[in-house]
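Each chain is listed here by its residues.
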Amino acid sequence: MPDIFFKPYPANHFTHAAIDAGLALRARGVPVDRITHIELKVPAAVIRTIGEPIATKRAPDTGYQAQFSGPYAVVAGLLGGGGLGLGLGDFTDELARDPQRRALMALVDVVPDDECNAIFPHQFPAIVAVRTDDGQTWREEVLTNRGGPQRPLSDAELASKFRDNVAGRVDPDTADQVVATVLGLADVADVGDLLRPLTRLRAATGAD
C-alpha cells in the first residue's frame, strides 16, 4: 500500500512527467507564442506509447488519443488547465483538434534519454527543453512522478481529483459524503456506508 502511485491527471501515466514539466515551464513564464521547438526526452521504452507514430501523436483527432500523446501532454501543460493542473475537461475532442495546440504539437520531438532510461521503470521521467525565437532554451526535469511515494498527493488533492471525475455524474453533496467516508475509512464499521452513495450514480447513469 505505501508504494501505490495515484495518477493526478486523466491520461496515460507515461505522459505525466511531461505534463508536470509543461506546467512548471508555464509557471516560469515561458512565452508560448514565441516557441520555435520543443524536445521531450523520455525513457526509450515509452516512446512507442506516447511518441509513435509521431505524426499521429502531434495531431490527435480525439481526446482519447490526446491522453496517449507526449506532444499533447507538454502543450496542455504549457497552456494550463483544470483539476490538479489538467483535468478531464482538458482532454476533449475539440481541444485535441484546437489549431493553437496543433501548431505547438507540430514543434515537439519525442526522443530517448539515457538519464530517463536509468530511472525507468521505477519512475516515468521526462525532460523538456523549449527553445524560443530569441535563442533562449527553457529546461525542466521531472524525474519522479507526482502522486508516488516521493511526491505524494494530499488528501485534499485526491478529493479534488475525485470531484472532478464525478462532476455531472453525482451531485456535490453525494461526492462530499463519499470523500468524508473514504477519509474516515478506519472508523467505518460497514462497507455499505461507502458503497451506498454510489447507488445514486447508478440511478443517474442507468448503469446496472
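Provided above is the structure to which this section pertains.
Residues numbered from 1 in each chain as written. Predicted model: local features only at pLDDT ≥ 70, side-chain atom pairs only at ≥ 80, totals over all residues. Heavy atoms only, no water.

(A) Looking closely at the nonpolar core. Core analysis: the biggest nonpolar cluster contains 37 residues, and Ile19, Ile35, Ile38, Leu40, Val42, Val128 and Val130 have the highest contact counts within it. Of all the secondary-structure elements, those providing two or more residues to this core are α1 (16–28), β1 (35–42), α2 (47–50), α5 (70–79), α7 (99–105), β2 (108–112), β3 (126–132) and β4 (137–142). With 7 residues, the top contributor of residues to this core is α5. The contact partners of Ile38, leaving out residues within four places of it in the chain, are Val74, Leu78, Leu104, Leu107, Val108, Asp109, Val128, Ala129 and Val130. (Core = buried A, V, L, I, M, F, W, Y, C linked by side-chain atoms within 4.5 Å. Buried < 20%, exposed > 50% of the residue type's maximum accessible area, 1.4 Å probe, protein only. Helix = DSSP H or I, 4+ residues; strand = E, 2+ residues; numbered from the N terminus. Contact = heavy atoms within 4.5 Å.)

(B) Focus on the side chain of Arg146. Residue position: Arg146 is located in the loop between β4 and α9 (155–166). A relative accessible area of 16% means that Arg146 is categorised as buried. A distance of 2.7 Å separates a polar atom in the side chain of Arg146 from the backbone oxygen of Leu84. At 3.1 Å, the side chain of Arg146 and the side chain of Glu157 are in polar contact. Dropping the residues within four chain positions of it, Arg146 is found in contact with Phe6, Pro8, Tyr9, Asp20, Leu84, Arg151, Leu153 and Glu157. (Polar contact = N/O pair within 3.5 Å; in protein donor to acceptor, adjacent residues only side chain to side chain.)

From the geometry alone we can't say anything about function, so treat these as descriptive.
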